[in-house]
Amino acid sequence: TQTVTDAKAVKVPTLPDAQKVTEVTHWTDRLFSFRMTRPASMRFRSGEFVMIGLMGDPDPKTGKQKPLLRAYSIASPSWDDELEFYSIKVQDGPLTSRLQHIKVGDEIILRPKPVGTLVHDALLPGKRLWLFATGTGFAPFASLLRDPQTYEDYDEVIITHTCREVSELTYGATLIESLKTDELMDELIGAENLAKLRYYPTTTREQSPKMGRITDLMRDGTAFADLGVPQPTPETDRAMVCGNLAFNLEIKEMLEGYGLEEGANSDPKHYVVEKAFLD
Ligand code: A2P
């Protein structure tokens, strides 16, 4: 007997909410970013996340295919015509084992219902904004750092990014560098506003100019001495946190220790937290 081997002969279901990939960049063997079309009707606030994914494998019994979706922070700012995402590649991850192979022109499913807490609306006005990221937790800040409001609302913006290795900092470092050299950014945000931005990258498992977890560097005062700023206080400081679970819990406790309280969309306060995506 002959089974159908010609892929073209198999009826491919049309994807619901499909968008087209426009750009893929591999940063390391474990990290990549990609851009895709944005539905004209889709609105979001910088820092929010959406569900994206691919069509899953057919169910062995019914042959039916269901979308395989995960929450991904939107890394592009709300004014951008396209959507950008920053992702880890997990070799046995249900979604990222496949997503890492996407090419320009491929379709990705997008549920255009953005939500999330890492938004300006969830914070009370303040003087200094801290953005604390580990690993792919940089993604929502890639959006917020390209949003003029981030600078208009504060006198100072400090982004910290802790990764295991130096190469894992590249996506963030490249983005921050581009803010200062890109003409469009200069026009949209302005040199005066961009001068408010401070970048504090650290690594934990490979030699770099600043070694250590940001939590330890804050606890022993190193980070504050390096940056020349005092410990956060509820009067002046606001924070957004996005990283792995252990990091989120630890820094949350530290922020509470400084007297900061967790805010929400409906009840803005001093800091907000979100978990970085892990397949
Ligand atoms: P470390 O190498 O000491 O575990 P991961 O890749 O595992 O998500 O970790 C990303 C970065 O977050 C790593 O540099 C890791 O440091 C750091 N990290 C992990 N847990 C914590 C924590 N509880 N507090 C601060 N940083 C953390």
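Residues numbered from 1 in each chain as written. Predicted model: local features only at pLDDT ≥ 70, side-chain atom pairs only at ≥ 80, totals over all residues.

Re helix H9 (residues 245–257)
As a reminder, the rule being used: Comment: elements are numbered from the N terminus, with helices defined as DSSP H or I runs of at least four residues and strands as E runs of at least two. By this rule, a helix spans an expected 1.5 Å times one less than how many residues it contains. Any residue whose C-beta has 12 or fewer other C-beta atoms within 10 Å is treated as exposed, any with 20 or more as buried, and any in between as partly exposed, C-beta atoms being built from the backbone. The arc in question is the one traced by the directions running from the helix axis out to the C-beta atoms. Throughout, a residue-residue contact means that the two C-beta atoms, derived from backbone geometry, are no farther apart than 7 Å.
Helix length check: H9 (13 residues) gives 18 Å between terminal C-alpha atoms against 18 Å at 1.5 Å per residue, within 8%. When H9 is considered as a whole, its buried residues turn out to be Phe247, Ile251 and Leu255. In a view along the axis of H9, the buried residues occupy a sector of 60°, so they form one face of it. Of the residues in H9, the exposed ones pointing more than 90 degrees away from the buried face are Leu245, Ala246, Glu253 and Gly257. Residues of H9 that are buried sit in contact with strand E7 (128–134), helix H7 (214–219), strand E10 (237–243) and strand E11 (271–275). Positive phi shows up at Gly259, right after H9, with a value of about 95°.

Looking at the site of the ligand
So the rule is basically this: Whether a residue is near a molecule or strand depends on its C-beta atom, placed from the backbone, lying within 6 Å of it.
Within the structure, the ligand sits among 13 residues, and Thr134, Thr204, Arg213, Asn244 and Ala246 are positioned closest to it. Elements supplying a minimum of two residues to the shell around the ligand: strand E8 (156–163) and H9. Counting residues per element, the shell around the ligand draws most heavily on H9, at three residues.

Comments concerning the sheet that holds strand E9 (residues 197–203)
Put simply, the rule reads: In short, DSSP must find at least two bridges between two strands for them to pair. In this analysis an axis means a line fitted to C-alpha atoms, helices contributing only their contacting stretch, and an angle means the value between N-to-C directions, from 0 to 180 degrees.
As summarised here, the arrangement of the five strands in space is E9-E8-E7-E10-E11, forming an open sheet in which the pairing is parallel. The open sheet has two free edges, formed respectively by E9 and E11, since each of these has just one partner strand. On average, adjacent strands in this sheet sit at an angle of 10° to one another, irrespective of strand direction. When E7 meets E10, the two strands line up parallel, connected through six bridges. Note that in E10 the partner of Arg128 across the bridge is Asp237. Here H9 sits on the sheet and contacts E7, E10 and E11; the angle it forms with E10, its principal contact strand, is near 165°.

Here's the deal with the domain arrangement of the protein chain
The line we're drawing: Residue ranges labeled as domains rest on an automatic or database domain assignment.
By the assigned domains, the protein chain splits into domain 1 (7–115) and domain 2 (120–275). For domain 1 and domain 2, the distance between their C-alpha centres works out to 26 Å. Facing 17 residues of domain 1, the contacting portion of domain 2 comprises 14 residues. Among the elements that line the side of domain 1 that touches domain 2, the one with the most residues is strand E5 (residues 82–88), at four residues.

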